[in-house]
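# Architecture at a glance
The primary structure of each chain is shown beneath.
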Amino acid sequence: MASLSQLITRPATFSLSSPSPSSPGASFCHKPRRGAVGRVSCTSSPAEPDASRLDRRDVLLGLGTAGASATAAGILLSFPRRAGADPVATPDISSCGPPDQLPPSANVLTCCPPPSSASPVDFAPPADASSSPLRTRPAAHSAGADYVAKFNRAIAAMKALPADDPRSFAAQASVHCAYCDGSYSPDGFPGLDLQVHNSWLFMPFHRCYLYFFERILGSLIGDPTFAIPFWNWDASDGMSMPAMYTDQSSPLFDPRRNGRHVPPKLIDLDYNGREPRFTDNQQVDHNLRVMYRQMISLSPTPSLFFGSPYRAGDDPNQGPGPVENIPHGPVHIWCGDPEQPAGEDMGNFYSAGRDPLFYAHHANIDRMWAVWKGLDPRRHTDLTDPDWLDASFLFYDEDPKLVRIRVRDVLDMDRLRYRYQDVPTPWTSARPVVTTQRVRSATSSLLTPTARAAGAKEAAKFPVTLDSPTRVTVKRPVSARRSRAEKLAKEEVLVIDGIQVDMDVAVKFDVFVNAGEDHAAVGPGGRELAGSFVNVPHRHKHDKRGRAIKTTLRLALNEQLEDLGAEGDDSVVVTLVPRQGKGKVKIGSVKIEIMD
């Protein structure tokens with residue numbers, strides 16, 4: 001594969017902006033100073049708006065300069081629109097990809113894909129979708145020899161293109177690096193990065209990315225029906241690395257992978273940098289229960305499934321959704337080579353797109369979006385906030401033309417003319433199980449001497465550095481004693497706020513609720529495990545606060561508290577346990593909120 005260092009080092013010069021009319025917001029917030037780190041103070045009252053407040057428009061999240069028209073209706077009551085925000089935030093393309101901001105081990109000089117002298121065109125799906133070929137993405141582990149041969153031919157053709165061709169494998173890999181390692185800062189916010197991880201942009205960005213990658217591959221082999229495979233790691237048959245990627249003579253092979261994780265090794269969807277000591281049957285069971293927790297228990301509403309809103313002028317990393325944390329993060333780190341200085345290739349965002357396995361991994365992540373919507377079509381819907389729908393990205397298509405595509409353009413897979421092979425989802429019946437005795441009612445602020453001896457310290461005051469297991473008693477809102485109808489309408493959510501983590505190290509910590517006297521007795525499939533936070537290493541250019549990012553983890557509690565028999569308790573005991581990157585994480589606060 002051609003080195004990304006062959007790419008051009010001068011920035012692109014195209015620009016794009018398309019404002020749309022504003023609409024009144026449903027709530028009002030006090031905007032922090034530009035570039036400040038911190039939360040926005042909000043109220044849900046639609047009382048007298050501040051006349052000096054500007055409407056939010058044009059969430060500009062592009063490669064080069066991309067505009068997105070977005071009205072400001074604050075539809076998500078849990079995440080009201082941030083009034084007074086800057087209406088336009090174009091990327092500062094002059095800051096793209098300096099070599100000193102990539103890891104020292106990187107053999108590339110820039111994340112900048114090739115520039116375009118032409119203005120971008122707006123994406124337009126086929127007017128008559130039924131007349132366009134339908135592409136069916138197969139499960140990689142069950143793909144036949146003919147398909148594997150065709151896929152090898154397509155990847156080989158892409159890798160044979162020169163790096164300054166935007167369809168080349170080198171240029172396509174650089175797209176992920178550019179969007180995910182802070183190669184751009186929004187115009188007017190030189191201290192901020194654009195980042196498509198850790199927010200509601202994660203799912204739609206990667207769907208767009210795979211869409212154009214797939215169409216380029218099909219064009220290169222003259223087959224408009226060609227579809228990329230998905231790595232079916234959520235079912236027992238697909239939990240090993242697909243064999244087509246392990247043939248060292250194949251263009252699908254990447255030498256920078258973890259050599260201990262070749263087939264028949266089963267993936268650990270809860271991986272934390274250490275090899276688990278489970279039998280294969282235990283590993284499968286754990287993986288299925290992890291999938292249930294992330295896809296069902298933690299994803300009851302769109303606002304929780306997709307992650308926190310990220311709007312023009314916001315600091316990036318507002319908060320990831322459950323699937324982005326797990327299994328997305330652990331699969332990246334499980335595949336990356338621990339012998340490489342920065343965990344390349346899959347184990348670091350700047351290099352992840354250089355491993356062909358990346359695209360199969362993210363195809364299954366994209367499939368999870370479709371599966372989630374099918375689990376409960378009434379409640380599991382796409383977001384309706386215009387700031388999400390009109391966020392946009394720039395990609396090259398197969399012609400190649402520079403195309404602006406918005407989130408609203410990719411919500412209907414039928415219009416995009418692709419689908420996934422129908423395979424079982426055994427995790428839908430793998431509800432986590434209670435594994436420890438329930439902590440006595442946390443109305444008492446004292447833990448038992450036995451609990452103190454179990455290796456978890458009590459958090460005396462926040463913020464705390466998570467260098468060892470830490471317990472804290474958290475009061476529940478008065479409104480937590482709710483009817484079933486009220487629980488269906490609003491979710492009780494554990495909020496781990498002010499998470500500060502070094503962005504260029506692999507980090508994972510687990511969050512337990514009422515784990516009894518010993519959290520170590522709870523396995524990955526235990527009901528007391530409320531969820532986890534995972535950081536895949538990456539670097540940013542523009543972060544003037546140093547290497548740390550600041551973000552929030554939100555974990556739905558309704559189903560967990562029901563299973564633990566804790567619905568009537570005034571408080572719960574939360575235990576934070578560092579698994580990877582001990583001492584690299586600070587926690588600002590732990591609280592419980594009621595949200596849509």
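Residues numbered from 1 in each chain as written. Predicted model: local features only at pLDDT ≥ 70, side-chain atom pairs only at ≥ 80, totals over all residues. Heavy atoms only, no water.

Going by an unreviewed UniProt entry, the protein chain carries the name Tyrosinase copper-binding domain-containing protein and comes from Oryza meridionalis.

Let us look at the overall build of the protein chain. Secondary structure summary: the protein chain contains 13 helices and 17 strands in total. Per-residue burial over the protein chain gives 61% buried out of 596 residues. Across the protein chain, the fraction of contacts at a sequence separation of at least 24, relative to all contacts at a separation of at least 6, is 79%. Accessible surface, the protein chain: about 21,700 Å² in total, of which carbon and sulfur atoms supply 50%. (Helix = DSSP H or I, 4+ residues; strand = E, 2+ residues; numbered from the N terminus. Buried < 20%, exposed > 50% of the residue type's maximum accessible area, 1.4 Å probe, protein only. Contact = heavy atoms within 4.5 Å. Areas by Shrake-Rupley, 256 points an atom, 1.4 Å probe, with all protein chains shown as cover.)

Turning to the confidence of the model for the protein chain, a few remarks are in order. Summing up the model confidence of the protein chain, the mean pLDDT is 81 and the portion of residues at 70 or higher is 77%. Under a pLDDT of 50 for its full length, residues 1-90 has, in the predicted model, 255 contacts with residues more than four places off or in other chains. In this model, residues 438-454 is a region of pLDDT below 50 whose contacts with residues beyond four sequence positions or in other chains number 33 contacts. (pLDDT = per-residue confidence, 0-100.)

With that out of the way, let us pick up helix H2 (residues 169-180). Compared with an ideal rise of 1.5 Å per residue, which puts twelve residues at 16 Å, H2 spans 17 Å between its outermost C-alpha atoms and is within 8% of the ideal. Judged by how many residues are buried, H2 sits mostly within the fold: twelve of twelve residues are covered. Elements that come into contact with the buried residues of H2 comprise helix H1 (145-160), helix H3 (202-220), helix H7 (349-352), helix H8 (357-375) and strand S5 (392-396). At the exit of H2 stands glycine 182, carrying a positive phi of roughly 70°. (Expected span 1.5 Å × (residues − 1).)

With that out of the way, let us pick up the state of the cysteines. The bond known as a disulfide is covalent and runs between the sulfur atoms of two cysteines. Scanning the entire structure with this criterion turns up one disulfide. Here cysteine 111 pairs with cysteine 177 through a disulfide, and the sulfurs are 1.8 Å apart. Placement of the pair is cysteine 111 in the loop between strand S2 (41-43) and strand S3 (121-122) and cysteine 177 in helix H2, with a sequence separation of 66 residues. Of the two residues, cysteine 111 and cysteine 177, both sit in the buried class. Counting only cysteine sulfurs, cysteine 177 is the nearest neighbor of cysteine 180, a cysteine outside any disulfide, at a range of 8.2 Å. (Disulfide = S-S within 2.5 Å.)

Turning to the pairing of strand S11 (residues 491-502), a few remarks are in order. Looking down a regular strand, the side chains alternate between one sheet face and the other. In terms of residue burial, S11 counts as a mostly covered element, since eleven of its twelve residues are buried. Bridge count between S11 and strand S17 (residues 589-595): seven bridges; the pairing is antiparallel. Of the residues in S17, the one forming a bridge with glutamate 491 is methionine 595. As paired elements, S11 and strand S14 (residues 548-556) share eight bridges and run antiparallel to each other. (Pairing = 2+ DSSP bridges.)

Residues annotated by UniProt as "binding site: Cu cation B" (unreviewed entry) correspond here to His328, His332 and His362. A compact arrangement is adopted by the annotated residues: their sequence extent is 35 residues, whereas the largest C-alpha distance between any two is 9.9 Å. Locating histidine 328 in the fold gives a position in helix H6 (residues 322-335). Since its relative accessible area comes to 1%, histidine 328 is described here as buried. Contact partners of histidine 328, with chain neighbours within four places excluded, come to His197, Phe202, Val323, Phe349, His361, His362 and Ile365. Side chain to side chain, histidine 328 and histidine 332 meet in a polar contact 3.2 Å long. Following the sequence through the fold, histidine 332 ends up in helix H6. (UniProt positions renumbered as here; feature names shortened; annotations may be inferred. Polar contact = N/O pair within 3.5 Å; in protein donor to acceptor, adjacent residues only side chain to side chain.)

Bringing the sheet that holds strand S8 (residues 457-458) into the picture now. The sheet built from five strands is open, its strands ordered S8-S10-S15-S12-S13 with mixed pairing. Two strands in the sheet have a free side with no partner beyond their single neighbour: S8 and strand S13 (529-535). Sheet analysis places strand S12 (residues 507-513) next to S13, joined by six bridges and oriented antiparallel. Bridge pairing in S13 links phenylalanine 512 to leucine 529. Seen against the sheet, H6 touches S12, S13 and strand S15 (571-580) and runs at an angle of roughly 45° to S13. (Axes fitted to C-alpha atoms, helices over the stretch in contact; angles between N-to-C directions.)

Okay, the pattern of salt bridges next. Under the counting rule described, the total for this entry stands at 34 salt bridges. With a closest N to O distance of 3.6 Å, aspartate 366 and arginine 137 form a salt bridge. Residue aspartate 366 is located in helix H8, and its partner arginine 137 is located in strand S4 (residues 135-137); the two are separated by 229 residues in the primary sequence. Taken individually, aspartate 366 and arginine 137 each receive the classification buried, so the pair is uniform in this respect. Shared partners join several salt bridges into a network, and the residues in it are Arg135, Arg137, Arg207, Glu214 and Asp366. (Salt bridge = Lys/Arg side-chain N within 4 Å of Asp/Glu carboxyl O.)

Note on placement: histidine 206 falls in helix H3. Linking histidine 206 and aspartate 366, residues 160 residues apart in sequence, is a C-alpha distance of 7.5 Å. Ignoring anything within four residues of it in the chain, the contact list for histidine 206 reads His176, His197, Phe358 and His362.

Let's shift gears to the environment of valine 572. Inspection of the secondary structure assignment puts valine 572 in strand S15. The sequence separation of valine 572 and asparagine 514 amounts to 58 residues, and the corresponding C-alpha distance is 6.1 Å.

A few words now on the packing of H3 against H8. Here H3 crosses H8 at 125°, and the two axes come no closer than 10 Å. As far as their axial angle goes, H8 and H3 are oblique. For the pair H3 and H8, the sense of crossing is left-handed. Across the interface between the two elements, Phe202, Met203, Pro204, His206, Arg207, Tyr209, Leu210 and Phe213 of H3 pack against Phe358, Tyr359, His362, Ala363, Ile365, Asp366, Trp369 and Ala370 of H8. For the contact of H3 with H8, a count of residues per class yields twelve nonpolar, two polar and two charged. (Parallel < 35°, antiparallel > 145°, perpendicular 65-115°, else oblique. Left-handed = near helix turned anticlockwise from the far one by under 90°. Nonpolar A, V, L, I, M, F, W, Y, C, P; charged D, E, K, R; others polar.)

Among the five residues of S5, five are classified as buried, and the element is accordingly described as predominantly covered. Both faces of S5 are covered, namely the face carrying Ser392, Leu394 and Tyr396 and the face carrying Phe393 and Phe395. Relative to strand S6 (residues 402-406), S5 runs antiparallel, the two sharing five bridges. Along S6, the bridge assignment pairs phenylalanine 395 with valine 403. Remark: five residues form the turn of the hairpin made by S5 and S6, two consecutive strands paired antiparallel.

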